Amino acid sequence: MLIRQTIRYLPAQLLSPAFQLLSMVVWTYFLPPAEMGSYMLITATQEFAYLIALSWFSVYALRFMPFERGRAERSAFLHTESAIIWVSLPISLVAAVATIAIIDVTHLTWQTVAVIAFFFATRGINTHYSERARAQSNILAYTMLQILGPILGFGIGLALLTWWRPTSEALILAYGVAQMIANLVAAPMIGIALLPRRIDTAILKAAFAFGGPMLILYGLGWIAENNFRYVVSHVSGAAVFGLLAVGWGLGRRCASFGAMLVAAAAFPIAARLLNEGKREEALRQLSTNAALLIGVMAPTVVGIAMISAPATDLLIAEPYREMTKAILGLSALAAAIRFFHVHVSDQIFVLEKRLRYAGIVDVVEIVAAVGLTAAGLLLHGPVGAVIGTAIGSTLAAIVSLYLAMGKLDFRLPLRDIAKVAAATAAMALGLAVIPVASSATGLVLTILLGMVVYAAAITIGYRGEARGILERRLSRRAQASA
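Residues numbered from 1 in each chain as written. Predicted model: local features only at pLDDT ≥ 70, side-chain atom pairs only at ≥ 80, totals over all residues. Heavy atoms only, no water.

Colleague: Before we move on, can you summarise the overall build of the protein with the specific residues and values?
Modeller: Of regular secondary structure, the protein possesses 16 helices and zero strands. Buried positions account for 53% of the 482 residues belonging to the protein. Of all intrachain contacts in the protein linking residues separated by at least 6 positions in sequence, the fraction that spans at least 24 positions is 84%. (Helix = DSSP H or I, 4+ residues; strand = E, 2+ residues; numbered from the N terminus. Buried < 20%, exposed > 50% of the residue type's maximum accessible area, 1.4 Å probe, protein only. Contact = heavy atoms within 4.5 Å.)

In structure tokens, the structure reads:
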């Protein structure tokens, strides 16, 4: 079930991060480091604005919204949702003003405030609608919401940076417009109420009861994920963070790509099983999720580490190259460790409503990551900062797994992990024996070789399962043609 759902979500999980990665590379040729730093900090602050304004209702919809609703119940949900979205708009405006107060944005104007508020509002609504599309298993709507923003934002951003001005404000405006278009396209697919006629207090109370604690939890998670950006910016300035932001962002986006390939489909399936009273099946589903997640992220991280130097030389603008080469692989590793516990063991706490455990994990990660990031930055510069973050995430992952396995009966798929480790080692060996890529064609061939070697090795490791899948497909095809 999970593999089938993952494949259905694949276009969104491939195209969206692909354009995010492409745009990150291209923007290095347009934005100076200080503008790059401002752009990254604004996008991170938007996530916090979304947490306050809409996340508590989004997580309620994802966790408890049935796939089929009666007309009256559905109408009550949509009108209540519409009221909450309208309330989120002034929150976006306040958050935009606060963002400018925190970040050193040159030439502060009401135009800048309006652009940032517009970006915050459209992206927050986009994220909420994406979660609701997942809850409804409306994969087409989810795909539109996920891909139109990055794709159109890249095109509009390229135009504005080229013919208007190369600033973070121009880029934020481009993505705001793209996200608005995505929302308008997907809204009819999932159903919305444009203007609220009434608010269902029962739905509101239920959303607050579940989403309120989740809001605190997600706030802690946001700090755990984004503290690096603010620590570096505060200690070393926006320009230094801008130089770091490319390697940091690319590494985390690559790891996030691997995580979301699996996570987008996995949580709704596990939630549905738990809602049906099938706890053991839900836990097995999450164990399968862990195996697939490691199977995607392990070769991704190792591959990035091995090709980071030639890829950076070939793709990244000169001012960012040395810093990107120094931290790209480490950034991917730090992100992979964090995404593993966020999308596996931490999910159990949410499903089982053991939010105290999730809070413990986040507090451990925040305290450890902030302290170790600052210490690493002061003692060993940017590389030390990334290592500090990775150690903080590792400590959080250990605590998360201890609680999930010791308190909630989760079991790590150790056999699968061993197979993935062997296949990843085979891939690494294959990459190590070939010459370093010196052209774009050589880089593409290197990546393809790594993918082929890993695919072959993992197929050998799962030859029994692969044979079973092939036999079932051939059997169904034979029955269909009979």
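Still to come is the rest of the account.
Colleague: Which residues make up helix α13 (residues 355-408), and what values do they have?
Modeller: With 54 residues, α13 ought to run about 80 Å at 1.5 Å a step, yet its terminal C-alpha atoms sit only 13 Å apart, falling short of that. Considering bend angle alone, the principal kink of α13 is centred on His380 and spans about 155 degrees; proline Pro382 follows within four residues of it. Phi for Asp409, located one or two positions after α13, is positive at around 70 degrees. (Expected span 1.5 Å × (residues − 1). Bend = angle between axes of the 7 residues up to and from the residue.)

Colleague: Lay out the pattern of salt bridges in plain terms, naming residues and giving numbers.
Modeller: This structure, assessed with the given rule, holds eight salt bridges. Put simply, Glu169 and Arg165 hold a salt bridge, and the shortest N to O gap is 3.1 Å. We note a salt bridge from Glu225 to Arg338, for which the minimum N-O separation is 2.8 Å. Here Glu225 is found in helix α8 (residues 201-236), whereas its partner Arg338 is found in helix α11 (residues 321-343), with 113 residues between them in sequence. The residues Glu225 and Arg338 share a single accessibility class, namely buried. In this structure, a network of salt bridges that share partners links the residues Glu225, Arg252, Arg338 and Glu365. (Salt bridge = Lys/Arg side-chain N within 4 Å of Asp/Glu carboxyl O.)

Colleague: Provide a residue-level description of the nonpolar core, including the pertinent values.
Modeller: In this structure, Trp27, Met36, Phe228, Phe340, Phe349 and Phe410 are the most contacted members of the largest nonpolar core, which totals 91 residues. Filtering out sequence-adjacent residues up to four positions away, Met36 remains in contact with Met24, Trp27, Thr28, Leu31, Gly242, Ala245, Val246 and Tyr320. Ala61, Ala141, Ala182 and Ile203 belong to the second-largest nonpolar core, a separate cluster that totals 31 residues. (Core = buried A, V, L, I, M, F, W, Y, C linked by side-chain atoms within 4.5 Å.)

Colleague: So what's going on with empty space enclosed by the protein? Which residues, and what values?
Modeller: One pass over the full model with this rule turns up three cavities of 30 Å³ or more. Only α3 (33-64), α4 (71-102) and α5 (110-135) provide two or more residues apiece to the lining of the second largest cavity. Of all the elements, α3 adds the most residues to the lining of the second largest cavity, at five residues. Looking at the lining of the second largest cavity residue by residue, the class counts come to eight nonpolar, four polar and no charged. (1 Å grid on protein atoms, 1.4 Å probe; cavity = no way out; pocket = protein on both sides within 12 Å on 5 of 7 lines; lining within 4 Å. Points joined across faces, edges and corners; volume = space filled by probe spheres on them. Nonpolar A, V, L, I, M, F, W, Y, C, P; charged D, E, K, R; others polar.)

Colleague: Quick one: what's the story with the confidence of the model for the protein, residue by residue and with numbers?
Modeller: Looking at the protein as a whole, its pLDDT mean stands at 84, while 90% of the residues score no less than 70. Averaged over each element, pLDDT in the protein is lowest for helix α1 (residues 2-8) (59) and highest for helix α7 (residues 168-190) (93). (pLDDT = per-residue confidence, 0-100.)

Colleague: Explain the side chain of Asp362 to me, using residue names and the numbers behind them.
Modeller: Within the secondary structure layout, Asp362 lies in helix α13. We note that Asp362 is buried and unpaired, the nearest opposite charge coming from Arg338 at a distance of 4.6 Å. Filtering out sequence-adjacent residues up to four positions away, Asp362 remains in contact with Leu217, Leu220 and Gly221. (Lys, Arg positive; Asp, Glu negative; His and termini not counted.)

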